[in-house]
Amino acid sequence: MIKTKPLLLHTLKMINTKPLSLLSLPPTLPTTKMEGAALLRSSLSSTNRAFFSFRPRYSRSFSSSASSALRTNRHRQIPRPSLLRHTFLIPAAASPHVARRFSSLSPRAVATPLTPSPSESSGVSDEVAEKLGFEKVTEEFIGECKSKALLFRHKKTGAQVISVSNDDENKVFGIVFRTPPNDSTGIPHILEHSVLCGSRKYPLKEPFVELLKGSLNTFLNAFTYPDRTCYPVASTNTKDFYNLVDVYLDAVFFPKCVEDFQTFQQEGWHYELNDPSEDISYKGVVFNEMKGVYSQPDNILGRIAQQALFPDNTYGVDSGGDPKVIPKLTYEEFKEFHRKYYHPSNARIWFYGDDDPTERLRILSEYLDMFDASSAPNESRVQSQKLFSEPVRISETYPAGEGGDLKKKDMVCINWLLSEKPLDLETELALGFLDHLMLGTPASPLRKILLESGLGEAIIGGGVEDELLQPQFSIGLKGVSQDDIPKVEELVMSTLQKLADEGFDTAAVEASMNTIEFSLRENNTGSFPRGLSLMLRSMGKWIYDMDPFQPLKYEKPLLALKARIEQEGSKAVFSPLIEKFILNNPHRVVVEMQPDPEKASRDEAAEKEILEKVKAGMTEEDLAELARATQELKLKQETPDPPEALRSVPSLSLQDIPKEPIAIPTEVGDINGVKILQHDLFTNDVLYTEVVFNMSSLKQELLPLVPLFCQSLLEMGTKDLSFVQLNQLIGRKTGGISVYPMTSSVRGKKDACSHIIVRGKAMAGRADDLFHLMNCILQEVQFTDRQRFKQFVSQSKARMENRLRGSGHGIAAARMDAKLNVAGWISEQMGGFSYLEFLQDLEQKVDNDWEKISSSLEEIRKSLLSREGCLINMTAEGKNLTNSEKFVGKFLDLLPSKSPLARTTWNARLPSTNEALVIPTQVNYVGKAANIYDTGYQLNGSAYVISKYISNTWLWDRVRVSGGAYGGFCDFDSHSGVFSFLSYRDPNLLKTLDIYDGTGEFLRQLDMDEETLTKSIIGTIGDVDSYQLPDAKGYSSLMRHLLGVSDKERQIRREEILSTSLKDFKEFANAIDAVKDKGVSVAVASPLDVDAAQKERSNLFEVKKAL
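Values in this document were obtained by computation on a predicted structure and should not be read as measured data.

(A) Geometry of the overall build of the chain. For the chain, the helix and strand inventory stands at 38 helices and 31 strands. Out of the 1107 residues belonging to the chain, those deemed buried represent 70%. Sequence separation of 24 or more characterises 84% of the internal contacts of the chain that already satisfy a separation of 6 or more. When the accessible surface of the chain is split by element, carbon and sulfur atoms take 48% of a total near 34400 Å².

Okay, here's the thing in C-alpha cells:
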C-alpha cells in the first residue's frame, strides 16, 4: 500500500505513523477494541500541514499499534490544525496515502543529559561477539536517546548489525535490504508481500496473519521504499518479541514464494477466468492496490514528479508497480530478484530495547552462518542522478468525474532536486529549519501567500524531502484554473526570491526553534515505537554506506546552528540556501495535471482490449486450463492450513497474559466547580492537558460549521494579534494547541456524547502561558476575516474530495453509522459525505452571506464556552500537576459560569437506504452494517475476540486473498452496537456483499482447536493492552471517563475475553445475521461497477454522484 514519506530531514524527522499498510486493515478505520478511542495514544493531532507527499512507500502489513490510530473514528474526532504537526492521531478527514502530517523540524529523540544510563554497562564483549561470528566495528553512547549503540559486522557474509541497548521495554527489530528496481513491474513491492506468505520453518499460507491473530506485538509491518525494503516488528514481551524476530528472519531468507508460483499469482498478478465462456480479468493484491493508488490525482502527480526528477537512476521507475506494467513481470524475474538482493551481505539489521544484546547476536548467527558472502552490496548500490542544465516541464491528465465543473481542477507542482551528492549534516539541519520556516505552520510565509492568493484550493508538494539518496523540494497548488498555472509558478518564485532578499521574522525563527527543542525533549512518537523511529532515521544514511549513528546525534549540530543564527542572523544562514538550492538551481521540474473525465473509461477499455487479445490467442484447451488453474488457486486460498502447520508458528500461552487491565493513575478533583482529572505520570517535565466543553447546547443546523469553527480559533487573529502573531506566540511558548470535536455513542444511553476538546502541551514551567493562550484562542479570536474563512472552506473541500478517492472505506463507514445512530449522524455532518456537500454549498455562500456565517461562528462559541459541563484533564509529574492548578483556576475564572443557550436534543439519522457514491476510480470501497444491540444482543468481551477472528480469517481469505481486495475487515463499536463490514481497494462489489452475508454461516460451521482459540484471545488482549506513552495514557483515561467505561467494567470485559469459548462464536452468529437481514450497505465505487450491480440486482442502491 502507498505510504507517504516517513522521514523528513533525517536528523529531525517525524515519523508518519499513519498505518503504513493494511494487509488486514486499511488506514483510518477502526478495529475491534474494548475502549475504542479510549485507547488512543496520540499527542496533539494536527492537520495544518496536510501537504501531499511525493515519495511513495508501500507496505504490506497491519500492526496493533496502527490499529489504535484507526480507532479514532469510533469516537469521530475531527482534529483541526495545531501549531505542532504531529502525525500520530489520524484525523477522520485524512487520506491514508497522500496526506502528509509531519514537522520538518520535529526531532524524534529525547534531549537528555549526555550521561550514561544503567543500560550503558550492558553490551557484548569482543570475545563473545567473535564466538558468534561477529566483529565489533564501533561502539558509542548516544546521549540523545540515552542508549548504548554497537555496530557489528558478520564476518562470513558482511551483514551489518546495529544493537541499541537502553531501558525501553518496547523492543524493536528490523531487517532492511537495498532493493533498487529497474522497471515499474512492482517487483520489490510484490516480493515484500510474498515473503510473509510462508517459509521453511513456518510452512503455512500466511504466518504473518497468525502473528496478527495471536501476538502481543506493538508493531508488525513491512515497507517498500523506492530503493529499499524494511521488515520491522516490536513488542514489550521478550518471548513474543523473539518469536516475531524468528518468523521474520525465516520469511526473508527462506520464503516459500520462490518455490510457490501461486503465491506470486495471489500477491502480484494473474489472469482469472472462472468459466471459458466468460471474460478474462487481472487479479492480484498488489495489482489492485496499485489500481487504487493510480486512481488518486495526488499520487499520480507524485509519481510523475519523482520519475521526472530522477530519469537516469532507480527512482525513475515505480517500486510499487504501475498497473499497466505489473502484468509484464515474470515469475523467473521475481525469483531472481529475491536471490540477488535478499541476502545477508545486502542486509542492515537493527535491534533496540532492553533485551539481552548477546541473545540478539545468537539468534542472528543461526541464520547468517548459513550463507556465504555475495556481490549484492555492489549490485544494489544506488547511483546519483546528475543535475539538469535546464528546467523540464511535463503535462499529464488525471481521471475526473464526468459532468462536473472542471474549470478549477488543475494541479501544478514545482519540484527541485537539490544536490547531486548527499549533504553534510549542518546543511541538512539548516534546510530542515528553512522548510519549517517556509511551510511548517499556517503562518509560514510561502504557505500563507500561496493559500491567500486565491489561485488554488490546497497546497501540494512535500517541501524538503530527504529520505532518498538526494534531497528534493516540492511545492504547488491543486484546484487551480488552467489560465492561472503560470501565476502560481510566478508567485512561488517571487515569494522565494523575497524570502531570500528579506529573510524571516525574528519571532518566526524563535517559534520554529522552540518547536524543535520542545519536540526533542518530549520524544513523543505516538503509537509508533521509538526504536523504529530511530531505525528509520538511521537507515536514511546507513543504507547509502554512510555513518548510521550520525542522524541520531543532533544535539551538537543543533546548538551550532542556534549559535550561528545568533551570531550571523537568520538571513545570513537561510538566504544562501534558498538561492543556491532553489532559485539558482536549473534541476527543476514543473508538473501540470489536468482533469480528464474520459481517462478512467479509456484506461478500462485499454485493459479490456489487452485481455480480449490474450483470450483470442488461447485455444479451447488453454482456456480450460486457465479456468482450472483459477479454481485451483481459489481452493488453495480458501482451504485452512492444517493444524500441524499452524502449530509451527510460535505463540504465547494464557499464563503469559496479565489477568488485570493496565491501570492508569487518576485523581478526580475540583477547581472552581469544574471537575479535574489528574494523572501522575513521568512526562519528562511536559504538561499535557485537555479542556473539554459540552456541545449539547449547540443548534443542530450549526453542527457542520463546527470543524471550520475549530480551525478559525487557531487561524484567525484577535483584536490585538494577527493570526500570524498568535500562531508564532503559540509556537514560542508551547508545544502546540489543537481544537476538534469528539462524538460517540454511549452504551446504554440514548443521547450521544459530543464535545469540543482543546488540547495543548507545554513545558511545565510554561503552564501559565499554555492556559493563557488557550483562553486567548477561545475567547479573543475574532471571526471577521472572510477571505481566510473562504480559504478554510476550499482547503476542507479539497481534503474531503481527496478522502473520497483514497479513503472511501472511511466515508462508507461514517455514512452507515449516520443511518444507524445519532452519534454517527452528528459525526457524518462534521466529517463525512454530508460534510462535503455542506462545504460545496458553503463555498458559494461565503461571499454572499458572510455576516450570517460570522454570527453563526459566534453563536457556536457562546453555546460551548462555560464552566458548566466543562472538564479538564492533565497528565504530568505530581509536582507539576500541583503547580499548574493555580493557572487552571485563573483560566476557569475567565469562562462564563453558564451557557446562555438551553440544552438541545439531536435526534436525526440518514434514511436507512443502501447507497452507492460514485467516484472516478478503478477500485471500490464496500460496506455493510447493522446495530446488533437492536436484536437483543448483550455485550460480552468475547465479541472482541470473535470480530478480530472474522477479520483475520473469513474476510482475509475471501475478500483479500481470494477476492483480490487490498483489505477486508469488520469492526464492532461496542458503544453504539454497530457491527460493520468494510473492504478497501476492492475489485468487487456484489461478491464482497455476499461474503459479508455468509459470515453467520461461517461461524456456525466453525471448528476451532484450543490452540487457535488461545491465539485469538492473546491477540485480542494485545490490542486491548496496546503500548501507550504517558500522554496517551492520560488521554485514554479521559475518554473512558467521558464514555462511562469504569475500571470494574474493564476487568469484567477482560475476564470475558480470557474465557471466550467456541460456543461464544457459534452464538454470535445469530447477532451478526442482523447485518445480513437488516443491514444497510454503502459503497464508494466506480460507475461501471455500480451500473453492473444495479443491473444484476435491480435498484439495490440509491446512486449519488460524489465526484
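The rest of the description comes next.
(B) View of the packing of helix α14 (residues 485-502) against helix α18 (residues 570-583). At their nearest, the axes of α14 and α18 sit 8 Å apart, and the two run at 150° to each other. Seen along the crossing, α14 lies across α18 with a hand that is left-handed. Here α14 contributes Met493, Leu496, Gln497, Leu499, Ala500, Asp501 and Glu502 to the contact with α18, which in turn contributes Lys571, Ser575, Ile578, Glu579, Ile582 and Leu583.

(C) The arrangement of helix α15 (residues 506-522) in detail. Helix length check: α15 (17 residues) gives 24 Å between terminal C-alpha atoms against 24 Å at 1.5 Å per residue, within 8%. Of all 17 residues in α15, 13 are buried, a share of seventy percent or more. For α15, the N-terminal capping position is held by Asp505, with its side-chain oxygen 2.7 Å away from the main-chain nitrogen of Ala507. Just downstream of α15 lies Asn523, where phi reads positive at about 55°.

(D) Representation of the nonpolar core within the structure. Counting 90 residues, the largest nonpolar core has Ile777, Phe789 and Phe891 as its most contacted members. Ranked by the residues each element gives to this core, the list is headed by helix α24 (residues 767-780), at eight residues. Counting residues in each nonpolar core, the second largest holds 71 residues, with Ile175, Phe177, Tyr231 and Ala645 among its members.

(E) Here's a closer look at the sheet that holds strand β31 (residues 1102-1105). Ordered in space as β28-β29-β27-β30-β26-β31, the six strands form an open sheet in which the pairing is mixed. For this open sheet the edge positions go to β28 (967-973) and β31, each flanked by a neighbour on one side alone. Geometrically, the sheet is characterised by an average inter-axis angle of 15° between neighbouring strands, direction not taken into account. Bridge count for strand β26 (residues 915-918) against strand β30 (residues 1080-1085) is four bridges, and the pairing is parallel. Pairing of Ala916 across the sheet is with Ala1083, part of β30. Each of β26, β30 and β31 touches helix α38 (residues 1087-1096); the most contacted strand, β26, lies at about 150° to it.

(F) Quick peek at the sheet that holds strand β21 (residues 674-680). Taken together, the six strands give an open sheet; going across it, the order is β20-β21-β25-β22-β24-β23, and neighbouring strands pair in mixed fashion. The two strands at the open ends of the sheet, each matched to only one other strand, are β20 (667-671) and β23 (736-744). Along the sheet, successive strands turn relative to each other by an average axial angle of 20°, direction set aside. As paired elements, β20 and β21 share five bridges and run antiparallel to each other. Looking at the pairing, Glu667 lines up with Gln678 of β21. Its contacts with the sheet place helix α30 (residues 878-893) against β20, β21, β22 (686-694) and β25 (871-876), and it is angled at close to 155° to β25.

Quick notes on the rules
Residues numbered from 1 in each chain as written. Predicted model: local features only at pLDDT ≥ 70, side-chain atom pairs only at ≥ 80, totals over all residues. Heavy atoms only, no water. Helix = DSSP H or I, 4+ residues; strand = E, 2+ residues; numbered from the N terminus. Buried < 20%, exposed > 50% of the residue type's maximum accessible area, 1.4 Å probe, protein only. Contact = heavy atoms within 4.5 Å. Areas by Shrake-Rupley, 256 points an atom, 1.4 Å probe, with all protein chains shown as cover. Axes fitted to C-alpha atoms, helices over the stretch in contact; angles between N-to-C directions. Left-handed = near helix turned anticlockwise from the far one by under 90°. Expected span 1.5 Å × (residues − 1). Polar contact = N/O pair within 3.5 Å; in protein donor to acceptor, adjacent residues only side chain to side chain. Core = buried A, V, L, I, M, F, W, Y, C linked by side-chain atoms within 4.5 Å. Pairing = 2+ DSSP bridges.

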